[in-house]
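Fold and geometry: a report
The residues making up each chain are set out below.
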Amino acid sequence: MPPSPLLVRVARGAWQWQWQQLMGGLGPADSEGNYRRPEGAFAALPAVPADAAEPEAHVLVVGRSCPWAHRAWLVWSLRQLAASITLVVVEPDPAAGRWRFSEAFLGCETLQELYTQCGAAAGTRATVPVLVSRKSRQIVVGESARLIELLNHWPSPAGPDLEPPAQRQATQHWRELLQGRVNDGVYRCGFARSQAAYDRAETALFDALGEADALLQQHGGDGWLSGPELSLADVQLFPTLIRLELVYAPLFGVSRRPLWQLPGLWRWRSRFHGLPGVAATCWPEAWRRDYFGALFPLHPSGIVPAGPPLATLVGEPPARPNRPDANHDRFEP
Ligand SMILES: N[C@@H](CCC(=O)N[C@@H](CS)C(=O)NCC(=O)O)C(=O)O
């Protein structure tokens, strides 16, 4: 027998209330339901440390699924900083809601312990990415937007300058636009607590992607987001776009335009993925496992869906139907 309409109404109301409480655990929202990312600690841009070139003097802590960590990992990789900065990958512990070292690191089992050991105030969120000085046991910087600037100034044997002087203004423009509307924008969609909040974030996201796509199409398959040379703007865009079909479209509801409908961005993503060292920073299984497994209020079953193989998301865009007028939705027995 189907449940009575009254029971359905009560259950719905109770679930909605509980859902709002659970969403509060993912992040704060304003009174209109817009997601508001909390400020991070250790957010200032420091000077390049005097011992920056010393072998293994610094440690960059990243998590595979975190897009903010991914951008730092990319700069570390593109600028070949492995000799002076050791990369340490932490694993999520979703039950405890924290990051854990695979093996004890500087005497710490969890990232929270490392933050405390480095003098972080009680209650500080222990987030990745974070750059730590091994010698002084201090956090150098813990905010990804500043961290990638610092890594770009870090002494490097061969790495490119990701803030090319001739493109400075355009790089700055794109970085600011991407940070809010795209990088955080997908979270503003996924963590929205009202339809209006979601609609605002989703429109801003796809407007920004449309703008980037138009520009890249004008470049005709050459060049990068802020000009002929690769820049930090490209670095910021990649972690969000490479997760689009794998995680953000199905989980955060950002599926209005699949990327193959934005061919400038599709080709840009393939070229970026093909840069030396980039593929080794991509972990689609870990991304899906962590996002679908950990974000309980968005996906209570915890079932990790299959996703398209990464290899199908790079290379030439999928062939379009060769008869544009064909009615593919028509049911023809
Ligand atoms: N503002 C930070 C945000 C980083 C961030 O939110 N990292 C998440 C993983 S994607 C994290 O470590 N969260 C752990 C926590 O909040 O306790 C940045 O961009 O560096």
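Here is what the cut-offs are and how they apply
- Residues numbered from 1 in each chain as written.
- Predicted model: local features only at pLDDT ≥ 70, side-chain atom pairs only at ≥ 80, totals over all residues.
- Heavy atoms only, no water.
- Buried < 20%, exposed > 50% of the residue type's maximum accessible area, 1.4 Å probe, protein only.
- Helix = DSSP H or I, 4+ residues; strand = E, 2+ residues; numbered from the N terminus.
- Pairing = 2+ DSSP bridges.
- Right-handed = clockwise from strand over helix to strand, strands pointing away.
- Core = buried A, V, L, I, M, F, W, Y, C linked by side-chain atoms within 4.5 Å.
- Domains from an automatic or database assignment.
- Contact = heavy atoms within 4.5 Å.
- Near = heavy atom within 4 Å.
- Polar contact = N/O pair within 3.5 Å; in protein donor to acceptor, adjacent residues only side chain to side chain.
- Areas by Shrake-Rupley, 256 points an atom, 1.4 Å probe, with all protein chains shown as cover.
- 1 Å grid on protein atoms, 1.4 Å probe; cavity = no way out; pocket = protein on both sides within 12 Å on 5 of 7 lines; lining within 4 Å.
- Sits in = over half its atoms within 2 Å of the grid points.
- Nonpolar A, V, L, I, M, F, W, Y, C, P; charged D, E, K, R; others polar.
- Points joined across faces, edges and corners; volume = space filled by probe spheres on them.
- Axes fitted to C-alpha atoms, helices over the stretch in contact; angles between N-to-C directions.
- Parallel < 35°, antiparallel > 145°, perpendicular 65-115°, else oblique.
- Left-handed = near helix turned anticlockwise from the far one by under 90°.
- Phe/Tyr/Trp six-rings, centres within 6.5 Å; stacked < 30°, edge-to-face > 60°.
- Lys NZ or Arg CZ within 6 Å of the ring centre and 35° of its normal.

Another aspect to go through is the pairing of strand β1 (residues 58–63). In terms of burial, β1 is largely enclosed, as six of its six residues are buried. As judged from the six bridges shared by β1 and strand β2 (residues 85–93), these two strands associate in the parallel manner. In the sheet register, Val 59 faces β2, and the bridge partner there is Thr 86. In this region the chain leaves β1, passes through helix α2 (residues 67–78) and returns to the parallel neighbour β2; the handedness of that crossover is right-handed. For β1 and strand β5 (residues 130–133), the ladder comprises four bridges, and the chain directions are antiparallel.

With that settled, the discussion passes to the nonpolar core. In terms of nonpolar packing, the biggest core is built from 91 residues, with Leu 111, Leu 151 and Phe 272 touching the most fellow members. Ranked by the residues each element gives to this core, the list is headed by α2, at eight residues. In terms of domain composition, this core takes at least three residues from each of domain 1 (58–153) and domain 2 (166–285). Aside from chain neighbours lying at most four places away, what touches Phe 272 is Leu 74, Leu 78, Trp 224, Leu 230, Asp 234, Val 235, Phe 238 and Val 278.

Here we come to the site of the ligand. Around the ligand, the surrounding shell consists of Arg 37, Cys 66, Trp 68, Trp 99, Arg 125, Ala 126, Thr 127, Val 128, Pro 129, Gly 142, Glu 143 and Ser 144. The separation between an oxygen atom of the ligand and a polar side-chain atom of Arg 125 is 3.0 Å. Between a nitrogen atom of the ligand and a side-chain N or O atom of Glu 143, the distance comes to 2.7 Å. Burial of the ligand by the surrounding chains reaches 81%, relative to a free accessible area of 520 Å². Taking a 2 Å distance to the grid points as the criterion, the majority of the atoms of the ligand fall inside the largest pocket. Tallied by class, residues from the shell around the ligand come to six nonpolar, three polar and three charged.

The next thing to look at is the layout of surface pockets. When its volume is computed, the largest pocket comes out at roughly 1,500 Å³. Lining the largest pocket we find 46 residues, and of these Arg 37, Cys 66, Trp 68, Arg 125 and Thr 127 sit closest to its centre. Here the residues of the lining of the largest pocket sort into 20 nonpolar, twelve polar and 14 charged. Here the lining of the largest pocket spans two domains, since at least three of its residues come from each of domain 1 (58–153) and domain 2 (166–285).

Quick look at the environment of Arg 289 now. For Arg 289, the position within the fold is in helix α11 (residues 284–294). Taking relative accessible area as the criterion, Arg 289 reaches 44% and is therefore assigned partly exposed. Those residues in contact with Arg 289 that sit more than four places away from it in its chain are Glu 91, Ala 294 and Val 304.

Take the packing of helix α9 (residues 244–252) against α11 next. Look at α9 against α11: their axes get within 9 Å of each other, and the N-to-C directions meet at 20°. On the basis of the axis angle, α9 is roughly parallel to α11. For α9 against α11, the interelement crossing comes out right-handed. Across from Leu 246, Val 247, Tyr 248, Pro 250, Leu 251 and Phe 252 in α9, the residues of α11 making contact are Pro 284, Trp 287, Arg 288, Tyr 291 and Phe 292. A class-by-class count of the residues in the contact of α9 with α11 yields ten nonpolar, no polar and one charged.

Taken in spatial order, the six strands of this open sheet run β4-β3-β2-β1-β5-β6, and their pairing is mixed. At either end of the open sheet lies a strand with only one pairing partner, and these are β4 (108–110) and β6 (138–141). Within this sheet the neighbouring strands show an average axis-to-axis angle of 35°, counted without direction. Packing against the sheet, α2 makes contact with β1 and β2, and its axis sits at approximately 135° to β1. Each of β1, β2, β5 and β6 is contacted by helix α4 (residues 144–153), which is oriented at about 85° to β6, the strand it contacts most.

This paragraph deals with the packing of helix α8 (residues 232–242) against helix α10 (residues 263–273). What describes two packed helices is the angle between their axes and the distance between those same axes. Contact geometry for α8 and α10: axes closest at 10 Å, N-to-C directions at 105°. Classified by the interaxial angle, the pair formed by α8 and α10 is roughly perpendicular. Residues Asp 234, Val 235, Leu 237, Phe 238, Leu 241 and Ile 242 of α8 pack against Leu 265, Trp 268, Arg 269, Phe 272 and His 273 of α10. Classifying every residue of the contact of α8 with α10 gives eight nonpolar, one polar and two charged.

The next thing to look at is the pairing of β2. Note: β2 against strand β3 (residues 98–105), four bridges, orientation antiparallel. Bridging from a neighbouring strand, Asp 93 pairs with Arg 98 of β3. From the end of β2 to the start of β3, which pair antiparallel, there are four residues, and Gly 97 there has a positive phi angle of about 65°.

In this section: the packing of aromatic side chains. Summed over the entire model, instances satisfying the criterion amount to 15 aromatic pairs. Relative to Phe 191, the ring of Tyr 187 has its centre 5.5 Å away and its plane inclined at 80°; by these criteria the two rings are edge-to-face. The residues Tyr 187 and Phe 191 share a single accessibility class, namely buried. Centre to centre, the rings of Phe 252 and Tyr 291 are 6.1 Å apart; their planes meet at 75°, and the pair counts as edge-to-face. Linking Phe 252 in helix α9 with Tyr 291 in helix α11, this pair joins segments that are 39 residues apart in sequence. For Phe 252, a relative accessible area of 3% translates into the label buried. Classification of Tyr 291 by relative accessible area gives buried; the value is 6%. Members of the aromatic cluster, joined through ring pairs, are Tyr 35, Trp 68, Tyr 187, Phe 191, Tyr 248, Phe 252 and Tyr 291. Stacked on the ring of Trp 287, the Lys or Arg Arg 243 has its end atom at 4.3 Å from the ring centre. Across from the ring centre of Trp 266, 5.0 Å away, lies the NZ or CZ of Arg 269, which sits over that ring.

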